[in-house]
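A look at the structure
Residue strings, one per chain:
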Amino acid sequence: MKSVLTMYEKLKDLPFGKKLFTFMVCLNAPYFFSIKPKITKLKKNRCEVFIKKKRSVTNHIKTVHAIAMCNMAELSGGLMIEASLPKDKQWIPSGMTVQYLKKAETNLIAVSDGSNIDWNQTGTIIVPVEVKDVNDQIVFRADINMYVKERS
């Protein structure tokens with residue numbers, strides 16, 4: 001089976017390639033369709049996921065719903081760990097701590113950065129994700145606990 005990073009690299013520069021890649025990821029995990037994401041960057045130690053602020057992801061005060069941002073964070077963090085973890089390891093999310101820092105009133109981008117993570121460890125790895133608005137303001141922060149073990 002091809003790695004998620006290999007698939008992204010093959011598709012990213014094609015017309016509609018990032019859209020096609022995102023669609024394939026959402027087919028594998030259909031719940032992510034609910035936020036209509038676009039994966040805009042994926043490489044070892046980094047993933048960026050964009051969503052438009054539209055009615056389907058807003059709450060009663062017309063800001064992006066907290067759970068939509070949680071979904072963005074989980075998608076970004078999960079893809080980043082999948083692209084970064086050595087092939088002899090596997091992972092599953094085991095928890096998430098979030099902070100809502102500002103009203104999310106614009107389109108958003110979730111950025112997971114794994115450059116400070118030791119990918120050779122097992123046990124719980126904390127994956128940080130920041131969600132920023134179009135003004136580059138952090139509106140949401142998540143620390144996702146990813147349980148990592150050796151593949152059987």
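Treat the numbers as computed from the prediction; the structure is a model and nothing was measured.

It is worth spelling out the overall build of the chain at this point. A count of helices and strands for the chain gives three helices and six strands. Scanning the chain from its N terminus toward the C terminus, one meets helices and strands in the order α-α-β-β-α-β-β-β-β. What you see for the chain is a C-alpha radius of gyration of 15 Å, in line with the 15 Å of a compact globule of 152 residues. When its C-alpha atoms are laid out on the principal axes, the chain stretches across 45 × 35 × 25 Å. Put simply, the chain has 152 residues, and 39% of those count as buried.

In the structure shown here, the tally under the stated rule is three aromatic pairs. Ring centres 5.2 Å apart and planes at 75 degrees place the aromatic pair Tyr8 and Phe21 in the edge-to-face group. Remark: Phe21 occurs in helix α2 (residues 17–28) and Tyr8 occurs in helix α1 (residues 4–11); sequence separation between them is 13 residues. Exposure class is identical for Tyr8 and Phe21. Each is buried.

Two elements, strand β3 (residues 89–100) and strand β6 (residues 138–150), share eleven bridges in a ladder whose sense is antiparallel. Within β6, the residue paired with Gly95 across the bridge is Asn145. In the sheet, strand β5 (residues 123–133) pairs with β6 via ten bridges, with the strands oriented antiparallel. What sits directly across from Glu130, in β6, is Arg141. The turn linking β5 back onto β6 is made up of four residues, and Asp136 within it adopts a positive phi angle of 65 degrees.

The rules we used
Residues numbered from 1 in each chain as written. Predicted model: local features only at pLDDT ≥ 70, side-chain atom pairs only at ≥ 80, totals over all residues. Heavy atoms only, no water. Helix = DSSP H or I, 4+ residues; strand = E, 2+ residues; numbered from the N terminus. Rg over C-alpha atoms; globule rule 2.2 N^0.38 Å. Buried < 20%, exposed > 50% of the residue type's maximum accessible area, 1.4 Å probe, protein only. Phe/Tyr/Trp six-rings, centres within 6.5 Å; stacked < 30°, edge-to-face > 60°. Pairing = 2+ DSSP bridges.

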